[in-house]
Structures are given as C-alpha cells and as structure tokens.
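Summary of the model geometry
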Amino acid sequence: IKMRLPLALIANVRLLNSGLRIRHSIHNGVIKTSLLSSHNICSRAERKWIKPAGFDTGVKTYNSLTKQKEPLVLAQERIATWYSCGPTVYDHAHLGHACSYVRFDILQRILSRIFEINVIHVMVITDIDDKIIQRSLEQNISPTVLARMHEEEFKRDMQALRVLPPAVYMRVTDNIPQIVAFIKRIIGNGHAYVTSQGNVYFDTQSIGNRYGKLVNLGGIVGELGAQDKRDPRDFALWKASKPHEPHWESPWGQGRPGWHIECSTIASSVFGSQLDIHSGGIDLAFPHHENEIAQSEAYHQCEQWGNYFLHSGHLHLKGSVEKMSKSLKNYVTIKDFLKSFTANEFRLFCLLTRYRSAIDYSDASMNEAQSTLSTISAFCHNAQAYMQGHLQCQPTEEGILWERLSATQSSVRKALADDFDTPKTVDAIMSLIHHGNCQLQPATKVDGPRSPAVFGAMLSYVREIMGVFGVDLLDRKEVHDSSGVLNNVVEELVHFRSKVRKFALSVEDQAPQDPHTGSEIQKRHPQPDRVPLLKDCDSLRNNLAPLGVHIKGGSKVRR
Ligand SMILES: Nc1ncnc2c1ncn2[C@@H]1O[C@H](COP(=O)(O)OP(=O)(O)OP(=O)(O)O)[C@@H](O)[C@H]1O
Ligand SMILES: [Zn+2]
C-alpha cells in the first residue's frame, strides 16, 4: 500500500484495531506500508477461500466457505479426510440426527462407491457438556453413565438406519490431555488469554477480520454474560469448573474444555493441519464451525485448515418453524420411528430432497417415500418374474430399453457429481422404471422373442444404485417388515378367495326337505361343477397357514 503520511497514520490506527500488524518503509519520499498479521497467524490477512491444490474428483460441492459450488479437490489422490461433529449424548437420538447423519452417509457412500474415493471419516462424541451435567443432576446418575448410555443408543440407532460407522468415534473425555496441549499452544501463539477466574478464552481480535470466514458476522455481537471476556465474541477454550462438576487438572486450574475446542483438537490429532471436508447440520455453522476454524488456524498457523464445509438442512415437524431438537423436546426418537417404518423408507425420504435443504417430516412425505420404494420393489419383482418366465408379456422393444439404461447411468453420475443431487437421481431411476413397466405389460397369448437380459441389466442397475444409497432391496427383513405392501396383497387375495367361495356356494342343488316341517334335512351342497372351486379355496387356506396367514371363517386374516 502506498499513501501519503497523514492518511497512512489514520489507516494505521484502524488496522491496528483490527488486529493486524503494519510494517513501514520509505521509498522515494513515499511511505510504503505492508500488512502483516499481528501474531503470524498467516501472511495473508484475508477471508478469501484458497482453492486447494491436489486431486480433482470431478465432483462439485457446495462449500459454505464460499457460498457456492466448488470443484472438490482433495489433497491426496482418491483419499478424502472427513471430520464430522457428532451428537451431544444426553438424550435419545431423534429424526433430526437421523436426517443429518443419513444424508452425510449417503454422500460418503456416493464418493466411495461412485467416485472411488477412500473416505476417512472421524466423528466426535460430545460426552461432557453443560447439558449432560444438568441432565445427570436431574436424573441423579453420573454424567459418564448418562453419556455412555446415550452414546450406545446413538450407535445402535445409526446401525439400524444402516449408517456406516466412521473409521473411529472419538470421545471428548478420552482426549483431555490433547485438548489441554492444544489450548497451551494457542495461548503461546498469542491467540488466547487466561483470566483470573481460571477460564481461557480465544482472543477473536487477535485474528482481525479472519474471524467471520464462514459466516457473515454483520449483526452478530457474540455472547455477553461472562464478565471476564475481553470481547463479547471471544469464546471459552477452557472453563473453570464449579463445585461438584466433573473436572480435569490443567495449567489454569481444575476445569473442563469448552465445546468448540474438542473438534479442533480431535480433527487435528488425526488429520494434522489440513482437512478436506468438515460436515455438520446448518445450526453448527455459527458459532461452532466458525470457532473451530479460528482455533485450528491459530494453532497450526495456517492459512486454511478445512477446505470444504458441508452443512445439511434441518428436519422440521411439518408446520413447525423450529428444527426438531432435544432441547425443544419436539422430537420423534429413531427407535419409535422404526416401529412404524423401515430404514429403507427413511433413506428414500432423505433421498427425495437435496441434502442441503430443509425437510418436512409428515405423513405425506413418508407416504411419498413409501410409495416410491414400493414402485422400485415392484419393478424388481416383476423384472425377475419376467426373466423367470412367470410373467408373460408381448415382445418388448429391447433396443430402446438398452438405450434408456445407458442414458440413465450417465445422467445419474452427472446428477451425483453436481453437489450430490439425489432427487434428480431418483427421478432418473423412476423414469427408467416407468419405461421398463410400460413394456412389462402382462399378456395371455404371447408369441415372438423375449428379452430377459435387458430386464436383468435394469434390475441389477437399480439394485446397485439403491445399494449405493444404503437402500437394500434384498434385505429379507426389510422386505418382510415393509409388508405394508405385502399385507395389502394378502388382504386382496383373501377378499378374492371369499368372493370365489361365495360364488361357489351361491347356486345350490335342491336340498331334500322334511315332508312334515318343510325344512332342509341335510346341509346344502354346491352344484357339482362348482365343487372344485370350493376345494381350491380350502387348499389356499391350508397352504397359507404355514406362511403365517390364517384365514378364519370367510375372510379374517391373522399374520
Ligand atoms: N432437526 C435437525 N435436523 C437436522 N439436523 C439436526 C437436527 N437436530 C440436530 N441435528 C444435527 O445433529 C447433530 C448433533 O446435534 P445435537 O446433538 O446438538 O442435537 P440437538 O437435538 O440439536 O441438541 P440440542 O437441542 O441439545 O442442541 C448436529 O450436526 C446437528 O446439526
Ligand atoms: Zn464440531
């Protein structure tokens, strides 16, 4: 920057206030002023995103750091380092968690199975925090026991939803010495201060306008409250413990870590000073991720710690503006949900919207997911029946189907490379199925060639792509559990049987009558040509019994 003296002096004051360091030199009577960061955090005092150097995956992803889609470039070829914020384990996991973790699970499966990238995923479990302490006091159990119970429950719920586990789950309480060392270095680098009350705060002024890399801080003044902070935006790295609270020893006295520091420390302990992808729900962007960035860059003295921040949209109960959340107590637990629905259905529900958008949980949205899944399953079933020769159809236009299949494969890949556009992918699959179904019209009289191979190819592709999304069309338990469809089929069958039976009995032979009373002396008999129908009805009833379908009287069914 070149400027005349008085202007330079005014500018100095402003720049110093913003936490930057200034170096002057005089050249040909003109003062030359260079900006340095005040504490060597980096040479460039900018918020600008630096496009990483490395391996271009061919995928574009929306990056919250730039607020636009960017090419996903990884530091190492075909390796993605991915850190995600896990749950605070003081209560049951709910559908909001399910939504966020299933959506990111789908993204990771796409990266690994479609784009052949080895995703190394680390997730933290927040097992010490104000809410955990508060809940443990209410329930009169130790915070550790409370946290372990809900951690286990969370892992079981994730497994039930077929969310692939991270390479490792890491607990905050297993990493306290690492967290203390991390804070010490941040203090040493001049970006944090210790107060007389034994708290340690991050000094946001020390990084100037780099604070606000992720979120526009225009209107955000920070949390007031703590008296010993220098700036309301400063946040706790270490909190002095109150009497009877869980605590650990530290150079600043007994205490426990602040919330954000756990993620910076744990991510850095596995991945070092650079991270490809960081994910979490959109509520975590500020202050949590903003503060993680500030701490990590202050610790590593680097320009850019995390290259891509991915945020998932919130799940709301339909009609509610608030996200589903533990603290608002407006939640449906994953366990309760799975009493009425299956993991496949939940995954379809997630796939029908983009991972970044808000999603309404309602009967209507679940019906849509169920009916999409039934259409997919029915197609697979019919394609198999056709291949086995059980379903007779007119000759198909095979060439068109091969072309459709190939066009679908490329449009699916294109949609997924465009910020993981799953709704577009599902549309493409449904359109393929529609074309398949149009040609799978049952016919009674069939002559001409059959085309089982193309249906085999379509079937395996549909299964494969659904498998990528964690929708297992072959899961026998799912098929049985998702028996909304099967139940309807059984109901229809039983209804049909009862109609046939009624018909068989409707026209009877004249039964002999008692000459005195005029009443029938024997049970009425069906006409002889309808007897086989009655026999078939009986054998259907007998054959269904071992399959768990019990027909009582004319029509009752118990499964
Ligand atoms: N309703 C929701 N929709 C989508 N994601 C959610 C929802 N609720 C929580 N998450 C995400 O789940 C992860 C874990 O969240 P956390 O344990 O803080 O849940 P929470 O229910 O919001 O808790 P609290 O109410 O105590 O803040 C975070 O990434 C968060 O963004
Ligand atoms: Zn985090």
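Keep in mind the model is a prediction, meaning the values are calculated, not measured. (Residues numbered from 1 in each chain as written. Chains lettered and ligands numbered in written order. Predicted model: local features only at pLDDT ≥ 70, side-chain atom pairs only at ≥ 80, totals over all residues. Heavy atoms only, no water.)

1. Here we look at the packing of helix α5 (residues 176–188) against helix α7 (residues 285–300)
Interaxial distance between α5 and α7 falls to 8 Å at its minimum, and their mutual angle equals 70°. Between α5 and α7, the angle falls in the class roughly perpendicular. In this structure, α5 contributes F182, R185 and I186 to the contact, and α7 contributes Q295, S296, A298 and Y299. Among the residues making up the contact of α5 with α7, the classes are represented as four nonpolar, two polar and one charged. (Axes fitted to C-alpha atoms, helices over the stretch in contact; angles between N-to-C directions. Helix = DSSP H or I, 4+ residues; strand = E, 2+ residues; numbered from the N terminus. Parallel < 35°, antiparallel > 145°, perpendicular 65-115°, else oblique. Contact = heavy atoms within 4.5 Å. Nonpolar A, V, L, I, M, F, W, Y, C, P; charged D, E, K, R; others polar.)

2. Structural notes on helix α6 (residues 259–271)
Taking burial as the measure, the 13 residues of α6 include 10 buried ones, the bulk of the element. Of the residues one or two after α6, G272 is the one with positive phi, at around 75°. (Buried < 20%, exposed > 50% of the residue type's maximum accessible area, 1.4 Å probe, protein only.)

3. Some details on the nonpolar core
One finds Y83, F346, V462 and F469 to be the most contacted residues of the largest nonpolar core, which totals 125 residues. For this core, the element with the most residues is helix α2 (residues 95–113), which contributes 10 residues. Residues from two domains meet in this core; each of domain 1 (55–340) and domain 2 (373–469) gives at least three. With near-sequence residues (within four places) excluded, F346 lies in contact with L95, A98, C99, V102, L161, F337 and M366. In this structure, V490, V494, L544 and V549 belong to the second largest nonpolar core, which totals five residues. (Core = buried A, V, L, I, M, F, W, Y, C linked by side-chain atoms within 4.5 Å. Domains from an automatic or database assignment.)

4. Structural notes on the site of ligand 1
Taken together, 22 residues surround ligand 1, and among them Y90, D283, K323, M324 and S327 come closest. Residue G96 places a main-chain N or O atom 3.2 Å away from a nitrogen atom belonging to ligand 1. Contacts to ligand 1 include K323, whose side-chain N or O atom sits 2.4 Å from an oxygen atom. If ligand 1 stood free it would expose 600 Å²; the protein chains cover 94% of that surface. The set of elements that each furnish at least two residues to the shell around ligand 1 consists of α2 and β13 (275–281). In terms of residue class, the shell around ligand 1 is made up of six nonpolar, 12 polar and four charged. (Near = heavy atom within 4 Å. Polar contact = N/O pair within 3.5 Å; in protein donor to acceptor, adjacent residues only side chain to side chain. Areas by Shrake-Rupley, 256 points an atom, 1.4 Å probe, with all protein chains shown as cover.)

Keep in mind these numbers describe shape, not what the thing actually does.
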